[in-house]
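Take a look at the letters that make up each chain.
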Amino acid sequence: MVSKKVLLVGNFGVGKTSLIRRFVLNEFSEDYISTIGVRVSKKIVEFENQQVKLIIWDVAGTTGNEKVPKAYFLGASSAMLVFDVSRVETYLHLEDYVQTIKELSKLKEVTIVGNKKDLLTTDELEKVIDKINVKVDLVTSAKEDDNVEEAFVMLAKESIK
Amino acid sequence: MKKSPEDTQKDKRFELLRELLLEEDRKELESLKEEVLVHEKFSERVAPLVDEKIEILREKFPEYFGDTITETIKIQIRDSQDEVIEALYPILGKLVKKFIISEIEKLTESINKTIKEKFSVKEIIKRFFKNKKNNADVVLQEVFHPIIEEVFVIERDSGLLAGSYSKGNIADKDMVSGMLTAIKSFAEDAFSKEAQDLEDIRFETFQLSIQNFKTIYIAVATSGVLNMDFKSELSDKIIDIAEIILKDRSYLNDEPKMNALLLKHLIEKESE
């Protein structure tokens with residue numbers, strides 16, 4: 001089975017950890033992420049008759065302002081940038097974040113996911129997506145387990161491209 | 001004296017009155033008598049059966065209720081950890097003390113035995129001619145023989161596990177490789193020594209030695225006392241393995257093949 005390192009990045013509080021919790025059971029203790037700024041989890045994803053072992057690096061912070069070792073971004077096969085659809089400050093500079101991730105990881109594409117869709121009405125959600133100047137690939141709700149699996153399958157597909 | 005007709009009449013009336021007044025009580029008395037008799041008869045018939053059932057229950061109690069009781073105890077312990085710790089602390093303290101004393105005794109015996117053997121005239125002469133290890137190394141290595149506990153071959157950038165050997169059962173190796181890579185990157189970054197690599201991590205009785213190569217690094221966890229000879233020998237073996245892997249990169253995509261290589265070059269050679 002092929003193993004791939006994938007990144008999960010996004011501002012504090014956007015729900016990255018909740019997405020992982022929803023998707024993965026097997027993970028390290030909460031203490032690590034606050035100490036070294038990353039948590040590694042694992043999940044085998046199956047799609048279109050193939051299996052990919054995702055080694056998910058949940059990196060605290062993305063903007064380049066946080067002191068996160070650049071090495072965390074190396075060797076990744078795909079990356080998911082998560083923002084909170086209910087908090088404007090988390091998607092205001094998405095374009096810059098994407099650029100930073102691309103530079104650090106040398107990836108050509110970054111999957112963009114808006115989380116916490118359960119906090120907005122459909123109209124409000126549409127308005128938010130319209131406001132964002134990069135293409136949002138998926139909106140999810142970790143709380144209601146909506147589109148979580150789809151987001152990670154998208155990440156897995158991207159990793160084997 | 002013979003009763004007069006009047007007296008006889010009075011007696012009859014009295015008897016009638018008594019019958020009228022005590023009729024209910026008599027009925028109740030009869031009913032109670034019957035109940036007691038029925039109960040006695042019932043007891044006679046049922047008692048052996050009950051005894052038999054009790055005997056069966058006594059014999060099969062663990063089978064019937066073992067799981068439930070174990071589960072209940074587990075829940076109780078989980079819900080009242082502080083109380084359990086408080087209750088166990090003095091007992092554990094004594095046990096730990098006993099264990100330490102017993103281990104120190106064993107260690108003393110072992111050191112004495114090694115000293116006797118290694119400092120015999122024959123051994124001293126042998127070492128004099130070989131002149132390789134110092135005396136402290138000889139004793140320490142004999143007493144705390146180093147053991148290779150875990151080996152990880154990890155892709156340097158991604159932290160993905162390419163192969164491993166494990167003496168025991170450790171947590172998920174993929175995640176350990178990832179976290180180890182993250183810790184390594186964190187340490188290198190925190191001390192702003194990007195051109196330098198983290199080489200050793202010590203934790204309790206384990207020592208993790210890391211040897212870095214261009215695209216991979218090999219981490220070996222050992223227990224026991226590592227003397228210079230063992231370290232140097234281990235380092236040579238790791239370099240040999242890295243050379244094989246980097247010459248034939250198919251090892252990096254074939255975990256079973258890599259694991260077999262580690263077993264052959266590190267573990268089997270070690271035990272020879």
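Because the structure is predicted, anything quoted here is derived from the model rather than measured. (Residues numbered from 1 in each chain as written. Chains lettered and ligands numbered in written order. Predicted model: local features only at pLDDT ≥ 70, side-chain atom pairs only at ≥ 80, totals over all residues.)

**Overview of the overall build of chain A**
What chain A contains, in helices and strands, is five helices and six strands. Traced from its N-terminal end to its C-terminal end, chain A shows the element sequence β-α-α-β-β-β-α-β-α-β-α. Each of the 161 residues in chain A was classed as buried or not, and the buried ones make up 49%. In chain A, the proportion of contacts linking residues at least 24 apart, taken out of those at least 6 apart, comes to 69%. (Helix = DSSP H or I, 4+ residues; strand = E, 2+ residues; numbered from the N terminus. Buried ≥ 20, exposed ≤ 12 C-beta atoms within 10 Å, placed from the backbone. Contact = placed C-beta atoms within 7 Å.)

**Here we look at the pairing of strand β5 (residues 216–223) of chain B**
All names here are of chain B. For β5, the buried fraction is high: seven of the eight residues fall into the buried class. The sheet contact formed by strand β4 (residues 206–212) and β5 spans seven bridges and is antiparallel. Paired with Gln207 across the strands is Thr222, a residue of β5. Between the antiparallel neighbours β4 and β5 lie three residues. (Pairing = 2+ DSSP bridges.)

**Points about helix α6 (residues 228–247) of chain B**
Residues and elements named next belong to chain B. Here α6 spans 28 Å end to end across 20 residues, near enough to the 28 Å set by a 1.5 Å rise per residue. Within α6 the residues assigned to the buried category are Ile238, Ile241 and Ile245. Projected onto a plane normal to the axis of α6, the buried residues spread over an arc of 60° and lie on a single side. Opposite the buried face of α6, at more than 90 degrees from it, the exposed residues are Met228, Ser232, Asp236, Glu243 and Lys247. (Expected span 1.5 Å × (residues − 1). Arc of directions from axis to C-beta.)

**Observations regarding the sheet that holds β5(B)**
All names here are of chain B. Pairing within the open sheet is antiparallel, and its five strands lie in the order β2-β1-β5-β4-β3. Because the sheet does not close on itself, it has two edges, and the strands there are β2 (161–166) and β3 (200–203). Across the sheet, the axes of successive neighbouring strands diverge by a mean angle of 15°, strand direction being ignored. Each of β1 (147–155), β4 and β5 is contacted by α6, which is oriented at about 150° to β5, the strand it contacts most. (Axes fitted to C-alpha atoms, helices over the stretch in contact; angles between N-to-C directions.)

**Notes on the interface of chain B and chain A**
Each partner contributes to the interface: chain B provides 15 residues, whereas chain A provides 19 residues. Sort the elements by how many residues they give to the side of chain B that touches chain A and helix α5 (residues 173–190) of chain B lands first, with nine residues. Broken down by class, the residue content of the side of chain B that touches chain A amounts to six nonpolar, four polar and five charged. (Nonpolar A, V, L, I, M, F, W, Y, C, P; charged D, E, K, R; others polar.)

**As for the confidence of the model for chain B**
Residues and elements named next belong to chain B. Summarising the model, chain B shows a mean pLDDT of 80, and 85% of its residues fall at 70 or more. Ranking the helices and strands of chain B by mean pLDDT puts β1 first, with 89, and helix α4 (residues 135–143) last, with 63. Reported confidence for the predicted complex is 0.82 by ipTM and 0.63 by pTM. (pLDDT = per-residue confidence, 0-100.)

**As for the sheet that holds strand β4 (residues 78–84) of chain A**
All names here are of chain A. Spatial strand order, β2-β3-β1-β4-β5-β6: six strands in an open sheet with mixed pairing. What marks the edges here is a single partner per strand, and that holds for β2 (38–47) and β6 (138–139). For β2 and strand β3 (residues 50–60), the ladder comprises 10 bridges, and the chain directions are antiparallel. When the bridges of β3 are listed, Ile44 appears paired with Lys53. Against the sheet, helix α1 (residues 16–23) contacts β1 (2–10), β2, β3, β4 and β5 (111–115), and its axis sits at roughly 150° relative to β3. Against the sheet, helix α3 (residues 94–105) contacts β1, β4 and β5, and its axis sits at roughly 155° relative to β4.

**Side note on the pairing of β1(A)**
All names here are of chain A. With respect to burial, β1 is a largely interior element, eight of its nine residues being buried. For β1 and β3, the ladder comprises nine bridges, and the chain directions are parallel. Across the sheet, Val2 pairs through a bridge with Val52, a residue of β3. Across five bridges, β1 lies against β4 in parallel orientation. The residue of β4 that forms the bridge with Leu7 is Ala79.

**What to know about the packing of α1(A) against helix α5 (residues 148–159) of chain A**
All names here are of chain A. The geometry of α1 relative to α5 is characterised by a closest axis approach of 9 Å and an angle of 95° between their N-to-C directions. Put simply, α1 runs roughly perpendicular to α5. Across the interface between the two elements, Leu19, Arg22 and Phe23 from α1 touch Val148, Glu149, Ala151 and Phe152 from α5. Partitioned by chemical class, the residues of the contact of α1 with α5 number five nonpolar, no polar and two charged. (Parallel < 35°, antiparallel > 145°, perpendicular 65-115°, else oblique.)

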